[in-house]
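Chain by chain, the residues run as shown.
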Amino acid sequence: MPKVVKFGGSSLASAAQFQKAGEIIRSEKSRKYVIPSAPGKRNSRDTKITDMLYLCYDKAEKGLDYSEEWKFITSRYQEIIDGLSLTLSLEKEFEQIREQFEQKAGRQYAASRGEYLNGLIMAAYLEFEFVDAADVIFFDKDGRLNTEKTNSMLQQRLENTGCAVIPGFYGSDPDGNVTTFSRGGSDITGSLVAKAVHADLYENWTDVSGFLVADPRIVKDPAVIETITYRELRELSYMGATVLHEDAIFPVRKEGIPINIRNTNRPEDPGTLIVEDTCRHPRFTITGIAGKKGFASVTIDKAMMNTEVGFCRKVLQVFEENNVCIEHMPSGIDTMTVFVHQDEFESKEQKVLAGIHRAVSPDFIELESDLALIAVVGRGMRQTRGTSGRIFAALSHANVNVKMIDQGSSELNIIIGVRCHDFEQAITAIYDIFVNTQL
Ligand SMILES: Nc1ncnc2c1ncn2[C@@H]1O[C@H](COP(=O)(O)OP(=O)(O)O)[C@@H](O)[C@H]1O
Ligand SMILES: N[C@@H](CC(=O)OP(=O)(O)O)C(=O)O
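Keep in mind that this is a model prediction, so the values were computed, not measured.

## Considerations on the site of ligand 2
Part 1 of the argument: The environment of ligand 2 is formed by Lys 6, Gly 8, Gly 9, Ser 37, Lys 48, Thr 50, Glu 115, Phe 169, Arg 183, Gly 184, Gly 185 and Ser 186.
Part 2 of the argument: The contact in question runs from an oxygen atom of ligand 2 to an N or O atom on the backbone of Ser 186, over 3.0 Å.
Part 3 of the argument: Coverage of ligand 2 by the protein chains reaches 89% of its 340 Å² of free accessible surface.
Part 4 of the argument: Broken down by class, the residue content of the shell around ligand 2 amounts to one nonpolar, seven polar and four charged.

## Digging into helix α12 (residues 349-360)
Working note: α-helix, 3.6 residues per turn, so residues spaced by three or four point in the same direction.
Part 1 of the argument: With twelve residues, α12 extends 17 Å between its outermost C-alpha atoms, agreeing within 8% with the 16 Å of an ideal straight helix rising 1.5 Å per residue.
Part 2 of the argument: Among the residues of α12, those classed as buried are Val 352, Leu 353, Gly 355, Ile 356 and Val 360. When α12 is viewed along its axis, its buried side chains cluster within an angular range of 160° and face the same direction. Facing away from the buried side of α12, by more than 90 degrees, are the exposed residues Gln 350, Lys 351 and Arg 358.
Part 3 of the argument: Among the residues trailing α12, Ser 361 stands out with phi positive, at a value near 40°.

## Focus: the UniProt feature "binding site: substrate" (unreviewed entry) in the protein
Part 1 of the argument: Residues annotated by UniProt as "binding site: substrate" (unreviewed entry) correspond here to Thr 50 and Glu 115. The annotated residues occupy 66 residues of the chain but converge on a single region, no pair of C-alpha atoms lying more than 8.4 Å apart. In the annotated group above, the largest pocket draws its lining from Thr 50 and Glu 115.
Part 2 of the argument: Note that Thr 50 resides in helix α2 (residues 49-61).

Rules of the game
Numbering of residues begins from 1 in every chain and follows the order in which that chain's sequence is written. Chains and ligands are labelled by the order in which they are written, letters from A for the one and numbers from 1 for the other. Reporting of local features is limited, given that this is a predicted model, to residues whose pLDDT is at least 70; pairs of side-chain atoms are given and counted only at 80 or more, and all residues count toward the totals for whole chains, interfaces and linings. The side-chain quantities take in all heavy atoms of the structure and omit both hydrogens and water. Near is defined per residue: the residue qualifies when any heavy atom it owns lies within 4 Å of the molecule or strand. Under the rule applied, a polar contact is a pair of N or O atoms within 3.5 Å (in protein, one hydrogen donor and one hydrogen acceptor; residues adjacent in sequence only if both atoms are side-chain atoms). Accessible areas in this description were obtained via Shrake-Rupley with a 1.4 Å probe; residue shielding takes into account the shown protein chains only. Gly falls in the polar group here, along with every residue not listed as nonpolar (Ala, Val, Leu, Ile, Met, Phe, Trp, Tyr, Cys, Pro) or charged (Asp, Glu, Lys, Arg). Counting from the N terminus, the helices are the DSSP runs of H or I reaching at least four residues and the strands are the DSSP runs of E reaching at least two. One less than the number of residues in a helix, times 1.5 Å, gives the span that helix is expected to have. When a residue's accessible area, from a 1.4 Å probe over protein chains only, is under 20% of the maximum for its type it is buried; when over 50% it is exposed; and in between it is partly exposed. The arc in question is the one spanned by the directions pointing from the helix axis to the C-beta atoms. UniProt positions are given in the numbering used here, feature names are shortened, and annotations may be inferred rather than shown by experiment. A 1.4 Å probe that fits into a set of points on a 1 Å grid over the protein atoms alone but cannot get out defines a cavity; an open set with protein on both sides within 12 Å along at least five of seven lines defines a pocket, and lining residues are those with an atom within 4 Å of a point.

See below:
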């Protein structure tokens, strides 16, 4: 049974990184389908090719000179080609892309070229067949993935293909225009290919040794999660653990294909296995912590609101009418609070407030901005008493004021609202109490 291997941008940022990926692929015959991202950052001050392509296109569209940025892009690809001693030339492709820029082919077309060019290099380097993602991944006219067409075209195209490179991140719409997934979308391409070829494993190679209990940019050297279920992962990805695009879960989950997150720089590490279900006990009470900043809350206060039939519905209808998504909704006897994305809410704020006044005549409404939400996730929490108590103790010890707590009925997660400026400290405190005190 074949394996699908996706390499993220950091794993393909230079010729040396390509060589590491090449060794990994060649070390197992079953690694037959390769999904490359565009070259990522070589160090923390570097720029991702995708970002540079967006920038070039924006300049081209305004008729501004983008020759310097373009040079940065072409020389990065040339460095990789030279470093791998390939005879490949991308001159024709570079010229074609610039022509398309002049003809205003669109930002999505521009961004997709990062993966397209890297795919050509990868195919030449591995001597695998190149399959253009525009011929096998399909979107509808509204930019949504057409899953059925994609699956059948991928199956048809890959059925009689030995080994292939399929660039990540893009496909085409019904008019043949190149369309991309949202950022980080090469993970979805990998997942779609894994489903189509009935892979027995989808390996996602990145620059960390698996899914970590907390974001390594916040907690130093966090522990690696050995096994995580799709449900736990979904909660963590949604809340900002960005190692895997949240939409990459659905195609493989339906087929029961596990995902293995691995480190290109440390291939000897087993990484994290993402599975439908597992009997294995998690190492710690919690599986992971993730969070996002940028929320605002609207607290509606009205005495005896709990006796007023339809109160919540009327409030929620105001948000719906103004097209505002609701993130969380904890409530008390005389209050209900609605958490929303601050950037989406700001422009509609006064309309929503006026709507709520009209709909339910509250005693008062309170707004709070610059909030963050943190999800503490774990299948082990259900069996363990005192989990929320430990979280509160840790946060109070760290001097963090808790604005909201919401426990999902599945007991798989606890969501905590804090002020943005307490975000990092809150995550570190929760990590310490569950991981460091247990080691
Ligand atoms: N819980 C987590 N576990 C692992 N990595 C995380 C986590 N949360 C955030 N990250 C970040 O995700 C990065 C990997 O994702 P990404 O940058 O998309 O990789 P790639 O370029 O390989 O696709 C890591 O370098 C890390 O900084
Ligand atoms: N190159 C695209 C798609 C992608 O998935 O990249 P990465 O695998 O490096 O996250 C982006 O930067 O969004």
